[in-house]
Amino acid sequence: MADELELAFERTVQAEARIEPRDWMPDGYRKTLIRQIAQHAHSEIIGMQPEGNWISRAPSLRRKAILLAKVQDEAGHGLYLYSATETLGADRADLTDKLIEGRQKYSSIFNYPTLTFADVGVIGWLVDGAAICNQVPLCRTSYGPYARAMIRVCKEESFHQRQGYELLMTMMRGTQAQRDMVQDSVNRWWWPSLMMFGPPDSESSNTEQSMAWRIKRNTNDELRQKFVDMTVPQAEKLGVTLPDPLLKWNEERGHHDFGQPDWDEFWQVVKGNGVCNEQRLAHRRKAHEDGAWVREAAEAYAAKQVKEGVA
Amino acid sequence: MSTSWPLWEVFVRGKRGLNHVHVGSLHAPDAEMALRNARDVYTRRNEGVSIWVVKADDITASSPDEKDPFFSPSGDKVYRHPTFYSIPEDVPHL
Ligand SMILES: [Fe+2]
Ligand SMILES: [Fe+2]
């Protein structure tokens, strides 16, 4: 019987059909998905902080409204994804606990500080750009609720990337000081953006099984290459330099050659030693604790309505 | 920590003339709050003209394991489909 179920599962996956919540699935598949989707959700939620940092200091009402909408979208992305984990039997409150107790990770990119307003533009362009590269193939991931969440997310991401690029174009048309600010920001975010695709394939332990289950559709290195190829002409148009002396077009491969990020730094940040790790978690924990009375009040109100027969 | 808010499934009618379609779920203390949250989470860009929220516990679903017997009543009724009937090609508008 178990073999039959497993066979049916594999056949569904091989046929590019979707696995749905009430289907039988291998334990490992369920666990891998919960871990991956939860980490993804946490990243969206923590990802609100670096840019949220600039909402009150945005230089115009227009930029403030855009930034608010973008940060609100990221909250939405987190919620779509938590919703997907619950279809696998995870508990949202438990995942929040795991995040604020540091037992589950989020993308290390959000542990870098946003020092200038140009960072808002560069995050939209490079960080959301890298996220799009990662997420577009996930629209075809084998687990239905995850794939559907990704489709919603991807639709919204293109606004994120375009507003960032437009912000940078505006700054590049400004003063020399503004152009320098953009270049400085690109210099700081380029390598961490490349790290968003994860360690090189040769060191990535989960890739093979995830590819077989069609959770993952491309390897880390494939996606990184795609991102570099997409970004180079955008940087040229913008008039900024990408800070990699090894970056150049390789006619034979039909791709750009490029240098490797500092993987020691990557692992340091993953382990919690990045510039902002502590601050990000402390902020999330405080928001959660400060919200406790609101959750309790809403619950008490709902209970009272039921008692009085209103609801 | 207080976390006993129930889970609600959210259905959105994209525009007039379409059915409500399931879009995801959220937690809320009551139906009213579930609706408000659903608006903010699932319709930030005019994705809907109407929202339903239903407590997840109140949904009864068929399970895929029982798929064959459960859906078999319709499986052998091919005459429910228009392609069951052959009509000469020169009969218009049919
Ligand atoms: Fe996002
Ligand atoms: Fe985004």
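What counts, and at which threshold
Residues numbered from 1 in each chain as written. Chains lettered and ligands numbered in written order. Predicted model: local features only at pLDDT ≥ 70, side-chain atom pairs only at ≥ 80, totals over all residues. Heavy atoms only, no water. Helix = DSSP H or I, 4+ residues; strand = E, 2+ residues; numbered from the N terminus. Buried < 20%, exposed > 50% of the residue type's maximum accessible area, 1.4 Å probe, protein only. Contact = heavy atoms within 4.5 Å. Areas by Shrake-Rupley, 256 points an atom, 1.4 Å probe, with all protein chains shown as cover. Donors = N, O, S within 2.8 Å, 3.2 Å for Na, K, Ca; no water. Patch = residues over 30% accessible without salt bridge, like charges linked within 9 Å, V, L, I, M, F, W, Y side chains within 5 Å. Salt bridge = Lys/Arg side-chain N within 4 Å of Asp/Glu carboxyl O. Pairing = 2+ DSSP bridges. Axes fitted to C-alpha atoms, helices over the stretch in contact; angles between N-to-C directions. Core = buried A, V, L, I, M, F, W, Y, C linked by side-chain atoms within 4.5 Å. Tetrahedral: all angles 85-135°; square planar, octahedral: opposite > 155°, others 65-115°. Lys, Arg positive; Asp, Glu negative; His and termini not counted. Polar contact = N/O pair within 3.5 Å; in protein donor to acceptor, adjacent residues only side chain to side chain.

Caption draft 1: Examining the overall build of chain B more closely. Within chain B one finds two helices and three strands. Evaluated residue by residue, chain B yields a buried proportion of 22% over its 94 residues. Nonlocal contacts in chain B, meaning residues at least 24 apart in sequence, comprise 42% of its contacts between residues at least 6 apart. Per element, the accessible surface of chain B, about 7000 Å² overall, is 54% carbon and sulfur.

Caption draft 2: Local environment of the coordination of the iron ion (ligand 2). All names here are of chain A. The coordination sphere of the iron ion (ligand 2), as far as protein atoms go, consists of E74 (OE), D128 (OD), E157 (OE), E157 (OE) and H160 (ND1), spread over 2.0 to 2.7 Å. Each donor residue of the iron ion (ligand 2) belongs to the same chain, with the gaps between them written as E-x53-D-x28-E-x2-H. A gap of 3.3 Å separates the iron ion (ligand 2) and the iron ion (ligand 1), which E74 links by coordinating each metal. Taken together, the residues D128 in helix α6 (residues 118–135) and H160 in helix α7 (residues 144–172) connect sequence positions 32 residues apart. The two residues D128 and H160 agree in class, both being buried.

Caption draft 3: Just the environment of H40 of chain A, in detail. With respect to the helices, strands and loops of the structure, H40 of chain A is situated in helix α2 (residues 27–46). If we skip the residues at most four places from it in the chain, H40 of chain A touches L81, Q135, L138, Y146 and M150 of chain A.

Caption draft 4: View of a nonpolar patch on the surface. Residues V78, Y79, F84, Y85, I87, V91 and L94 of chain B make up a contiguous nonpolar surface patch of about 710 Å² in total accessible area. Here Y79 of chain B lies in the segment after α2 (67–75).

Caption draft 5: Expanded view of the sheet that holds strand β3 (residues 50–55) of chain B. All names here are of chain B. Read from one edge to the other, the open sheet built from three strands follows the order β2-β1-β3, with strand pairing classed as antiparallel. Every other strand in the sheet has two partners, leaving β2 (20–27) and β3 as the edge strands with one partner each. With direction set aside, neighbouring strand axes in the sheet form an average angle of 25°. Pairing analysis gives six bridges linking strand β1 (residues 7–13) to β3, with the strands arranged antiparallel.

Caption draft 6: Just the nonpolar core, in detail. Membership of the largest hydrophobic core comes to 87 residues, with the highest contact counts inside it found for Y29 and W125 of chain A. Excluding residues that lie within four positions of it along the chain, W125 of chain A makes contacts with Q161, G164, Y165, L168, V186, T231, Q234, A235, L238, V240 and L242 of chain A.

Caption draft 7: Examining the coordination of the iron ion (ligand 1) more closely. All names here are of chain A. Surrounding the iron ion (ligand 1) are the protein donor atoms E44 (OE), E74 (OE), H77 (ND1) and E157 (OE), at 2.1 to 2.4 Å. Here the iron ion (ligand 1) is ringed by four donor atoms whose angles at the metal span 82 to 157°, and the overall shape comes out irregular. Written as a sequence motif, the donor arrangement for the iron ion (ligand 1) is E-x29-E-x2-H-x79-E. Here E74 falls in the buried class, since its relative accessible area comes to 5%.

Caption draft 8: Spotlight on the side chain of E157 of chain A. Residues and elements named next belong to chain A. Looking at the element boundaries, E157 is found in helix α7. Although buried, E157 forms no salt bridge, and the nearest oppositely charged side chain, K70, lies 5.9 Å from it. Of the polar contacts made by the side chain of E157, one reaches the side chain of H77; its length is 3.3 Å. Every residue in contact with E157, bar those within four places of it in the chain, is listed here: E74, H77, D128, I132 and Q135.

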